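Working through the structure, step by step
In case you want the letters, here they are:
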Amino acid sequence: MIHRSKTRPVKVGNLTVGGSNELFIQSMTTTKTHDVDATVRQIERLEEAGCQIVRVACPDERAANAIPEIKKRIHIPLVADIHFDYRLALKAIEGGVDKIRINPGNIGKRERVEAVVKAAKERGIPIRIGVNAGSLERHILQKYGYPTADGMVESALHHIQILEDLDFHDIIVSMKASDVNLAIEAYEKAAKTFDYPLHLGITESGTLFSGTIKSAAGLGTILSKGIGNTLRVSLSADPVEEVKVARELLKIFGLSSNAPTLVSCPTCGRIEIDLISIANEVEEYLQTIKAPIKVSVLGCAVNGPGEAREADIGIAGARGEGLLFRKGKVMRKVPEETMVEELKKEIDLLAEEYYKK
Ligand code: SF4
């Protein structure tokens, strides 16, 4: 759970991003921000799925005006995403956001940048600089010819310098690209160049299926290098799916403190139960559990318990029944019809034990 590269700690609401803190899962709403009820409903679903920081688009005054009410009704830090318009940034800050995403180099006149930085300082909120390979500054593109990792780092430094000149250091930076290799290189170079926390993302990664694979390949590589302090999986899908994918990724790298893991066999000719449906049902159920339990679901009893010796709890199919086992030892036999329900009860008991600790 410890991020390996040293970064500055930056407060985002009640969370501290960077330093030796865990990596936080972020997502972004897809509702119209001015539709407060719809936005809050979506944020509640995201919170339930494990989202720890949420960003809303703030494209106009109606959106900025909705910030105080949204903030009042949610429980996780709120980020306002602003492009260019410093007045919207000021309004969002006044409305109580916990972070703003705006590139200071795009705000315009110095007085405007100063006004935003002053407001952010007064409220103690950070600014996220969002470098995107698809929208690098013209002078950088002219210098490098096309988007490169060096160009992206130069762009980040350009925006960072503007904030540092105003003695502002509560900065988080993202280096997004839809090209996976470019994003990996850009994040690596950024991690070596400055010590501000990094928000990870592979932008415009695609649909639920292809985007999950692309994000897993890109973000997984970056995470494996110990880089990253917050993370968003960007998918053309319900944002709840982004959070689910992010949770899985963090689990894989041992970066999640409270997420259960499901082990399920690929099935083969020895299969005795409808394993695929069972595995999907158990996986769905585990989304509601906030404890680091390892659950195993196996198609047969031949290799079952042995294959899942590391699991806290599991089930292995046998003819017309299932073997419920714990830590590789069979506890009892259960009829096939009630097998999943019995497993869920055992999962609940284990989760309760964890919550009480
Ligand atoms: Fe085959 Fe049984 Fe192994 Fe599943 S647990 S892959 S059904 S041998």
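Residues numbered from 1 in each chain as written. Predicted model: local features only at pLDDT ≥ 70, side-chain atom pairs only at ≥ 80, totals over all residues.

1. Side note on the pairing of strand S11 (residues 261-264)
Note that S11 and strand S12 (residues 294-298) share 4 bridges and pair parallel. The residue bridging Ser 264 from the neighbouring strand is Val 297, located in S12. The parallel pair S11 and S12 is bridged by helix H10 (residues 275-286), and the resulting crossover is left-handed. (Pairing = 2+ DSSP bridges. Helix = DSSP H or I, 4+ residues; strand = E, 2+ residues; numbered from the N terminus. Right-handed = clockwise from strand over helix to strand, strands pointing away.)

2. Observations concerning the packing of helix H1 (residues 36-49) against helix H2 (residues 61-73)
Across the interface, H1 lies against H2 with an axial gap of 10 Å and an inter-helix angle of 35°. Here H1 and H2 pass one another in a crossing that is right-handed. Counted together, Val 36, Thr 39 and Val 40 of H1 and Ala 66, Glu 69, Ile 70 and Arg 73 of H2 form the full contact between these two elements. For the contact of H1 with H2, the class distribution of residues is 4 nonpolar, 1 polar and 2 charged. (Axes fitted to C-alpha atoms, helices over the stretch in contact; angles between N-to-C directions. Left-handed = near helix turned anticlockwise from the far one by under 90°. Contact = placed C-beta atoms within 7 Å. Nonpolar A, V, L, I, M, F, W, Y, C, P; charged D, E, K, R; others polar.)

3. Describing the pairing of strand S15 (residues 329-335)
Across 6 bridges, the pairing between strand S14 (residues 321-326) and S15 is antiparallel. Of the residues in S15, the one forming a bridge with Leu 324 is Arg 332. Between S14 and S15, which pair antiparallel one after the other, the connecting turn spans 2 residues, and Lys 327 there sits at a positive phi close to 50°.

4. Observations concerning the environment of Glu 47
Mapped onto the elements of the fold, Glu 47 is located in helix H1. On a C-alpha basis, the gap between Glu 47 and His 75 in space is 7.8 Å, while along the polypeptide they are 28 residues apart. Non-local contacts of Glu 47, meaning those with residues more than four positions away in its chain, are made with His 75 and Ile 76.

5. Some points on the UniProt feature "domain: IspG TIM-barrel" (unreviewed entry) in the chain
The feature "domain: IspG TIM-barrel" (unreviewed entry), as annotated in UniProt, sits at residues 7-246 in this numbering. The span residues 7-246 shows a helical share of 47% and a strand share of 17%, and its end C-alpha atoms are spaced 21 Å apart. (UniProt positions renumbered as here; feature names shortened; annotations may be inferred.)

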